[in-house]
Amino acid sequence: MTQANSVAATFDLLGDRLTLSILRQAFVDRARRFSQWSDRTAAPPAVLTARLAALVDAGVLVRAPRAGSADRYEYRLTELGLGTWEILVCVWAWQREWTPEWTLLPELVHTECGHRGPPVLLCRSCGRTVTTHDTDVELDPDALWHLTSGRRRSMRVADPARGDARFDEIMEAIGDRWSAAVTGLALAGVRRFSDFRAALNLSPTTLTERLTRLVEAGILQRAEAGGREYRLTHRGRALFGVFAFLLAWSEHAHPEAPEPGLRIRHKECGAVLLPGLRCRGCEVVLGRRDVRFEQGPASPGQSAATPSEP
Ligand SMILES: [Zn+2]
Ligand SMILES: [Zn+2]
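Note that the coordinates shown come from a computational prediction; the quantities given were computed from them, not determined experimentally. (Residues numbered from 1 in each chain as written. Chains lettered and ligands numbered in written order. Predicted model: local features only at pLDDT ≥ 70, side-chain atom pairs only at ≥ 80, totals over all residues. Heavy atoms only, no water.)

Draft legend 1. Spotlight on the overall build of the protein. When its secondary structure is counted, the protein shows 13 helices and 10 strands. The buried share of the protein, taken over its 310 residues, is 46%. Across the protein, contacts joining residues at least 24 apart in sequence account for 69% of those joining residues at least 6 apart. Just so you have it, the protein exposes about 15200 Å², and 50% of that area is on carbon and sulfur atoms. (Helix = DSSP H or I, 4+ residues; strand = E, 2+ residues; numbered from the N terminus. Buried < 20%, exposed > 50% of the residue type's maximum accessible area, 1.4 Å probe, protein only. Contact = heavy atoms within 4.5 Å. Areas by Shrake-Rupley, 256 points an atom, 1.4 Å probe, with all protein chains shown as cover.)

In structure tokens:
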């Protein structure tokens, strides 16, 4: 095993359309079997097999024999895998607010108080609500290269999860390590083309291509301010929660790894951000077992469910 940067390894594993789709279905639809994911994602079998194997290798899923079924194995989320729930909640919350796909999405429900809808991000150290404006993203200069110079995944299949259109928009922003790194740097306050280039060690052509895609996806906007600059749009800035939980999970998944050199600090209390989620209804800090996704009435063309009192 090489000394992979833990954040790079996390972007590499989870910054993938099909992988997020697999996890979402494991959580929301309780998918356990190859055939269930295969039906729902329409991914080519070899690609799906590779992603499941990568999730098993990473300790996110565990594979167990399964008797009396066409599927010889089933895959279950491990404790580490279950720990991705906050990332998925943030991905869901972003999609709900910023994409036209939100009517297709299930609803998040806080079981105890019945509140439906996205929770808010908080700092577990001091208990206060956190936004990008209350935090500093700190980057060690020598960490950047490691963030992006690790082993590259072989060519991805262009659209392995076409059957699951729900991730299309967010995947422009975090769909591969490079996009994830560019978006992460933008959240850290990097704006100038030359600074992105220095940080990522990318060729100008490749970097331009990445930045252009992020502009087209409405994550960044281009500005001329005595040079080429790229700033996050509101939509891009709203990805903050996803990144905060990706970083936190990355540390949880790689406890032995050296400090990744990328951290978010909560300005008000000074602590490195340990993010949590708080219910907007009753203000309680949420645990994984406190919430559930509920499929809405989801018939196409029908307007969203009327929020009902519990
Ligand atoms: Zn704090
Ligand atoms: Zn609540």
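Draft legend 2. Looking closely at the coordination of the zinc ion (ligand 2). The coordination sphere of the zinc ion (ligand 2) contains the protein donors H110 (ND1), C113 (SG), C279 (SG) and C282 (SG), at a distance range of 2.0 to 2.4 Å. Classification of the site at the zinc ion (ligand 2) rests on its four donor atoms, whose angles at the metal span 103 to 113°, yielding the label tetrahedral. We note that the donor set of the zinc ion (ligand 2) lies within a single chain, spaced as H-x2-C-x165-C-x2-C. Linking H110 in strand β3 (residues 107-110) with C279 in the loop between β9 (275-278) and β10 (291-294), this pair joins segments that are 169 residues apart in sequence. For the pair shown, H110 and C279 are each scored as buried. (Donors = N, O, S within 2.8 Å, 3.2 Å for Na, K, Ca; no water. Tetrahedral: all angles 85-135°; square planar, octahedral: opposite > 155°, others 65-115°.)

Draft legend 3. Layout of the coordination of the zinc ion (ligand 1). Note on the zinc ion (ligand 1): its protein donors are C123 (SG), C126 (SG), H266 (ND1) and C269 (SG). The metal-donor distances range over 2.0 to 2.4 Å. With four donor atoms in place around the zinc ion (ligand 1) and angles of 103 to 117° between them, the coordination shape is tetrahedral. Sequence positions of the residues that donate to the zinc ion (ligand 1) give the spacing C-x2-C-x139-H-x2-C. Of the two residues, C126 sits in the loop between β4 (120-123) and β5 (135-139) while H266 sits in strand β8 (residues 262-266), which places them 140 residues apart along the sequence. The exposure class of C126 is partly exposed, given its relative accessible area of 29%. Residue classification places H266 among the buried positions, given a relative accessible area of 0%.

Draft legend 4. Highlighting the confidence of the model for the protein. In the predicted model, the protein carries a mean pLDDT of 83, and 83% of its residues have values of at least 70. Across the protein, the element-wise mean pLDDT spans from 62 in helix α7 (residues 141-148) up to 98 in β9. Predicted confidence is poor over residues 151-163, with pLDDT under 50, and the contacts of this stretch with residues over four places away or in other chains come to 29 contacts. Residue range residues 298-310 is modelled with pLDDT below 50. Its contacts to residues more than four positions away, or to other chains, number six contacts. (pLDDT = per-residue confidence, 0-100.)

Draft legend 5. Layout of the environment of G184. Along the chain, G184 falls in helix α9 (residues 177-187). With relative accessibility at 16%, the residue G184 sits in the buried group. When the C-alpha positions of G184 and I174 are compared, they lie 9.0 Å apart, and in sequence the two are 10 residues distant.

Draft legend 6. Just helix α11 (residues 204-216), in detail. Its 13 residues place the ends of α11 18 Å apart at the C-alpha level, agreeing with the 18 Å of an ideal helix rising 1.5 Å per residue. Within α11 the residues assigned to the buried category are L207, R210, L211 and L214. In an axial view of α11, the angular spread of the buried residues amounts to 95°, which keeps them on one side of the axis. When the buried face of α11 is taken as reference, the exposed residues oriented beyond 90 degrees from it are T205 and E216. Just beyond α11, the residue with positive phi is G218, at close to 75°. (Expected span 1.5 Å × (residues − 1). Arc of directions from axis to C-beta.)

Draft legend 7. Local environment of the nonpolar core. Among the nonpolar cores identified, the biggest contains 76 residues, and W37, V182, F196, L207, L211, I219 and L220 are the most heavily contacted of them. Ranked by the residues each element gives to this core, the list is headed by helix α6 (residues 85-98), at nine residues. Residues contacting L207, with those up to four places away along its chain left out, are V182, F193, F196, R197, L200 and L202. (Core = buried A, V, L, I, M, F, W, Y, C linked by side-chain atoms within 4.5 Å.)

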